[in-house]
Every structure is written in structure tokens, then in C-alpha cells.
Amino acid sequence: MSTSRDVVLGHIRRAIAGLNTPRTADYEAIPRGYIRSGGLDPRDRLELFQSRIEHYDGGVHRAVEAEIAATIARVLRARGKRRLVVAGGLPRGWLPPQFDWIAEAEASNADLDRSDGAITGCSVAVAATGTILLRHTDADGRRALTLIPDYHLCVVFADQVVETVPEGIERARSVEAGSLVLTTISGPSATADIEMTRIKGVHGPRTLDVVLVGGLP
Amino acid sequence: VIRVGQAAQAPPFPVAAKGALANAQLRRNVRHATNVIRGKRALVVGEMPDWEQLRESAHAIKDHVVRHLDVYLEQFEENCTRAGGQVHWATDADEANRIVISIMQSAGGSEMIKVKTMTSDETGLNRALEAAGLVPHETDLADLIIQLGRDRPSHIVVPALHLNRTEIRDIFRASMAREDLSDRPEELAAAARQFLREKFLRVDAGFSGANFAIAETGSICVVESEGNGRMCVTLPRVLITLVGIEKVIPRFQDLEVFLQLLARSATGERMNPYNSIWTGVTPGDGPQEVHVVLLDNGRTTVLEDEAARETLDCIRCAACLNACPVYQQTGGHAYGSIYSGPIGAILTPQLQSMEHSRSLPYASSLCGACYEACPVKINIPEILIHLRQRLVDAGETPAGERWSMKAAAAAFASDRRLRTAQKVARLAQWPFARGGRLTHLPPPLNAWTDHRVLQAIPAESFREWWAKRERGGAA
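Residues numbered from 1 in each chain as written. Chains lettered and ligands numbered in written order. Predicted model: local features only at pLDDT ≥ 70, side-chain atom pairs only at ≥ 80, totals over all residues. Heavy atoms only, no water.

Novice: Looking at this model, I keep getting lost on the interface of chain A and chain B. Mind explaining?
Specialist: Accessible area lost when the parts come together is the quantity often used to give the size of an interface. The interface of chain A with chain B comprises 71 residues on the first partner and 91 residues on the second. Area buried by chain A at its contact with chain B is led by R143(A), M196(A) and H203(A), which between them contribute 11% of it. Here chain A is connected to chain B by 12 salt bridges. The partner of E77(B) in a salt bridge is R5(A), and the shortest N-O contact between them spans 2.7 Å. Taken together, chain A and chain B are joined by 39 residue pairs in polar contact (both at pLDDT 80 or more). (Contact = heavy atoms within 4.5 Å. Buried area = accessible area lost by both parts, 1.4 Å probe. Salt bridge = Lys/Arg side-chain N within 4 Å of Asp/Glu carboxyl O. Polar contact = N/O pair within 3.5 Å; in protein donor to acceptor, adjacent residues only side chain to side chain.)

Novice: Looking at this structure, how should I read the sheet that holds strand β6 (residues 219–224) of chain B?
Specialist: In sheet architecture, strand pairing relies on hydrogen bonds along the backbone and comes in two forms, parallel and antiparallel. Strand order in this open sheet of eight strands is β8(A)-β5(A)-β6(A)-β9(A)-β9(B)-β6(B)-β5(B)-β8(B), and the pairing throughout is mixed. Each having just a single partner strand, β8 (161–162) of chain A together with β8 (248–249) of chain B make up the two edges of the open sheet. (Pairing = 2+ DSSP bridges. Helix = DSSP H or I, 4+ residues; strand = E, 2+ residues; numbered from the N terminus.)

Novice: Looking at this model, I keep getting lost on unusual backbone geometry. Mind explaining?
Specialist: Of all residues except glycine, most have a negative phi; of all peptide bonds, most are trans. A positive phi angle, near 60°, is found at M354(B), a position not held by glycine. Inspection of the secondary structure puts M354(B) in the loop between α16 (341–351) and α17 (369–373).

Novice: Sorry if this is basic, but what is going on with the environment of A158(A) here?
Specialist: All names here are of chain A. On the secondary structure map, A158 appears in the loop between β7 (151–157) and β8. It is 10.0 Å that separates the C-alpha atoms of A158 and F49, two residues lying 109 residues apart in sequence. Excluding its chain neighbours within four sequence positions, the residues that come into contact with A158 are L46, L212, V213, G214 and G215.

Novice: Help me understand helix α18 (residues 380–393) of chain B, please; the structure alone is not making it clear to me.
Specialist: Owing to its 3.6 residues per turn, the α-helix brings residues three or four apart onto one side. Residue and element names in this part refer to chain B. A rise of 1.5 Å per residue sets the reference length of α18, with its 14 residues, at 20 Å; its end C-alpha atoms lie 20 Å apart and thus fit the reference within 8%. Every buried residue of α18 is accounted for by I380, P381, I383, L384, L387, R388 and L391. Along the axis of α18, the buried residues cluster in a sector spanning 160°; they form a single face. Turned more than 90 degrees from where α18 packs its buried face, E382 and D393 sit exposed. Here the buried face of α18 lies against α14 (319–323), α16 and α17. Looking at where α18 begins, the residue whose side-chain oxygen comes 3.2 Å from the main-chain nitrogen of E382 is N379. Within two residues after α18, G395 carries a phi angle of roughly 70°, on the positive side. (Expected span 1.5 Å × (residues − 1). Buried < 20%, exposed > 50% of the residue type's maximum accessible area, 1.4 Å probe, protein only. Arc of directions from axis to C-beta.)

Novice: Quick question: what am I supposed to make of a nonpolar patch on the surface here?
Specialist: Together, F462(B), W465(B) and W466(B) make up an exposed nonpolar region whose accessible area comes to about 360 Å². Among the structural elements, F462(B) can be located in helix α22 (residues 462–474). (Patch = residues over 30% accessible without salt bridge, like charges linked within 9 Å, V, L, I, M, F, W, Y side chains within 5 Å. Areas by Shrake-Rupley, 256 points an atom, 1.4 Å probe, with all protein chains shown as cover.)

Novice: Can you walk me through the pairing of strand β6 (residues 131–134) of chain A in this structure?
Specialist: Residues and elements named next belong to chain A. Burial along β6 is two-sided: T131 and L133 and I132 and L134, pointing in opposite directions, are all buried. Two elements, strand β5 (residues 124–126) and β6, share three bridges in a ladder whose sense is antiparallel. Across the sheet, the residue bridging to V124 is L133, located in β6. In this antiparallel pair of consecutive strands, β5 and β6, the connection spans four residues, and G130 shows a positive phi of 60°. Looking at chain direction, β6 and strand β9 (residues 182–185) are connected through three bridges and run antiparallel. Paired with I132 across the bridge in β9 is I185.

Novice: Would you mind going over the environment of N322(B) with me for this structure?
Specialist: All names here are of chain B. Mapped onto the elements of the fold, N322 is located in helix α14. Given the relative accessible area of 2%, N322 is considered buried. Separated by 56 residues in sequence, N322 and A266 place their C-alpha atoms 9.1 Å apart. Those residues in contact with N322 that lie beyond four places of it in its chain are T34, I37, R38, H155, A266 and Q328. Separated by 2.8 Å, the side chains of N322 and H155 make a polar contact.

Here is the structure:
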């Protein structure tokens, strides 16, 4: 008796018989006339990134590297957040005193739900779409970390920001990690399911802050 | 059994459309929603100087995949399996449902959280789960509204677009025991968040469809906005993903094309809030038992028809629904299929080997707006005509139409016959012509005039006028 796998593959092979040009050459012949890399200078690229995040109602806070901790403290105080879960690979030096920092490794999903928010880095960011890409290694944290809490503060370095989606995909691929796990975040969670009215924050974090480090004029 | 939801039992489009057209509230809701999406889409598509190139590439990638589909599916299976995923194959809807139920039974849980997937609506999964004593929870806001209201989806991306805020409030009040709810969208969304949060944190099994299955890496990509998708694919211990075999793409890099096209086309956003990509099992992060069910359910039959196989290129953005003047009037339910609008009109009958939903290829004015909106350049109008041709060849047309077409063919075959036919028609039409128009012809010609107005045949044809003019000129 043949398996369903054999049946499906058999149907496909009969249907496409005669169409099998050499696959690799055929793939390489796919036209790719779209824009792959952007033309903005670094300053404009960061401004575009900032304006896109703000368009999604996310906050963007520029900082120099020496002031990461101070900037984070200022942002969290303004938001009224005290107990935050911290991604495993996040440098301790970024964390200001006078807050409750919970290590990701020690936080269950229920702990994440009870916390005030999560703080992570990222793998790469795309200016054109205001997107943060997490490969979930190092300072990106595991997937639940940036999902269950109602607040996400993400530290993005200027040299992590590329202009176009193709550049972002290429960078994300080159991040050394095991098998591919990737989350892209473009602003806080949202829905328009009721009369196409955009509502910010359904199940993911309702508030997103980006601390953008470096690249200041 | 190959099944597309309950399309096989649905009334023909003209019958169902009549009901929809009589519902003024429904038409207002549909018109509002499609207008809003089209406006937003136009803005974010307009700012892309390389939109046409992206469409070209997407079309070429999909075309390439179809021609090597067997190889890419095997590649996907191998890479997913290597990463600890378990791949299953289903020839039809029932087999897919059986596989999902048996995974659930061996996992031992009785509840499942689901992220929006058209494919499970296609197989009728929720019904099958319930019949097996299992409890599916829809978690997409619109799907939740549909499930709680015991309704049917009317749009591929925004399934509850036929309902307004008051109708949604009433559904939530009745099923969440929340008499206090107002009809503010923010409050309704917050109620859904509260209603589902406990389920996200507790339920042991998750279920998703797939926007893309990446052959090169064995990964699945799910595109969404609310975060319910991330919840379903991240928090449960067991994850099952149902994937139509046409969803496979060759390489991770190809996402750079589709992710740029999909959100702008579907919701008019530059990028949707969340994309989740995972590969089998990741130790210490996410579900530790991961299944992928590859579903045929008629897709290989679509593949057989060379003139229509690009139907399988669809990435389910619903831009063609929003652009369609027919859909804008009737909404999705009239199509009798979970796949509605122009893409539904070509996909639904083909999946069922043209044995059901035969009225759908006619549910179009062939204006071409769908083709223009399609981010992967599926030539829907041409496929509609091709499918009509298939139905005509199979003798599926009404006797009146066959008779008229035969008569027309005979009349147009010779100059003498055409002249005679014009004279006869001119005489025969006089009891029906009013002010140069024919509004009510007797059967079988009323099949045309019940819905359309014909110009009456004029007292003088162009050729008669021309001949007279020539004579006059010579004189």
C-alpha cells in the first residue's frame, strides 16, 4: 500500500512532468529587479527608523553608549515600570540601579505575566519598515520574553540598523545561531478587526520603547 | 474527501448574492471596510518605487516553486525533520483532520489554541475536533468573533468585516457574560485580551497555518498582527501546523520579496506587527513537540491545468477581494466558500475538480481590478474565462445560453444570414422595445434581461447606413 506521501508526490510529478528544467539554474534566473540596498546616509537612515517606530506609537530615545543605563532609567521612570525581566545575554552594565531586575532564566511564563515588562537587545533592525528582528540568541532573549509582558524596551545600536527589508533579511541570516528562529516586531501589537479601526495592543506588549544607541551627529 | 469548508452544499452565487444585496447593513459594513483597506494600501504601495519589480519576482519565484514542487517539499521535510519536527502528509481534508486529532490524543490534552488559518477552515477542522471531544479556541480577534457568534468568515484577512461594532458587542456580551461591555473597539479588544490570556498561559497544544514554509531551512513563517499567533506558536508544549503544499518557498532569502508585498497588500501597513519563524524544536524555547501536516486536498488537481495552475501562487492577502466591485457589493458569504472574492471564484471550484461551486467563475464582471491589485500577479480574469470555457466544454451551461450562442454563431457565419437575422430581430423586438431599450425579453432570453438592459436593434444598421451613404455620394 502506498503512503499519502507517495500519493501526493506522485500526483505532483505527473502534473508537472516535462516542466523540470535544471532547478538551480532556473532559480538563479528569477528576475530580482527590486531594490536590495538603500541609499540613505547613516544619519537619515536612523531618522527614518525613528520616524517609523514613532508612526507605530512606539517611543524612540537616542543615547550615546556611555549613557545607556541612564537613558533606560529615565524611560522606565517616565513609564512607571519597576520590575523588569532581563534577557540572558544583556550586559549588566546597561541596567541602572534602583529597579528590580529579574533574570530571564529564573522567570516562568507566569512570572513574565506578572512583571512590568521585558528588556532586550536585538539582532538587526530595518529602517524602511520600523522593524526589529530578534534571532533569540544572546541579548534577544527567548521568544516568550518579548511576548507575555505588556511592555518591551529594546536597545538597538546604530550599526544594527539597515535601510531595506532585503538587507535586514540578509543580516538576520548571517547571525550565528542554531536552526532558524526569528521574530520580527514592527511596533506594538495591533488589530483592525473591528470596523478597520486600528487598536494598539491586543495580546503582545502594548507599549514599545526603543533606546537607539550611537550615530548621533 | 476533498472539501473546501461547506462550499459543496452552498447555494449558487446568484441565489446567495440576492440575499446579501438585500441586507443594507451588511453592504454598508463591507463597503466601509474595503474602502478603508484600499485607501491604506494605495498609500503604502505608492511609496514603493520597485513595487512592479517585487511583483515580477514574487510571480517568478512562485512559478519556479510550482515547477519543482516535489523537490522543494522533500527538501522541506528533510530539513524540518532534522531540526526535530515531525512531518505528516495528508491527501485530503479528512486525513488532515484525523492526523491532527491523533496527535492531540497521544499528547493527552483536550484543548487547543488556534491562530487564524484559512486552511483549517477549508478542512473543517474545528467541527472534526469537536466531534472527537476536543475543544478548539480561536484566538484571532475576528476568528473569535466568528466562533463565538457561530458565524462564517466573509473575508480572507478580516473574517468578521461584515459585522459592525454593535453586532460584535452583542456577541461578546452574550458569550463572555460581560453585560457591561460598550461598543468601543478598544474596550472590545481589551475584553478579548482578558478572555484569552488565561487560555494562552494554560492550554497545552497550539495550532497554526503557515504563510510560508521554507524548503532550505525546514522553517515555518506565520504573519500576524495581534500577537495571538506568537502566543500559539510559542507557549504550548505541542504545536501542530497545517500547510497547503503550495506554501513552500525555496530559500529564507525569498522572504525579502514576500514580506514586502504581503503586509502592504493585505492591511495597508509597511510591515505587520509580528512575523514568527521557527524550525522544528528549539531546546529551551517554545514547543518541544512540533508537527507539520502537509495538505494536498485538491491542490495537485489544480496543478494539472497548465492554464490555471498559477491559482496556487496566492499568498492570501485578499487585495483582490477589496478591489473587486462584485465582492464590495455582496461580501464574502455569497461565494459559499471560505475563499471568497476573485481568488475564491477561481480557487474554490478548481480545488473541487470543477464539480461544485460552478457558478463562481461567473461571479465577476472581468474588469481586471483583481489582477492589478494582486501582489503575485495572478491573472485572475484570464483564469475566470478559462474556467468558464471548461464549464462550457463540459456542457455545463443553461440550455437558453447554448441555444442563443448557437443561433448567434450561425447568424454571424455569413453576411447574408446576419442581414436576415437583423431584419427578423428588428421585427420581433417591437413588442418589447421601450425608448430604444430592451428591458424584458421572453424566456429564455429573460436570463439576460432580468439583470441587464439591452440596447434595442436600431432601425438601420451601420452597413445599411454605409450603403445608403455610398449611393448618396455617387449621386
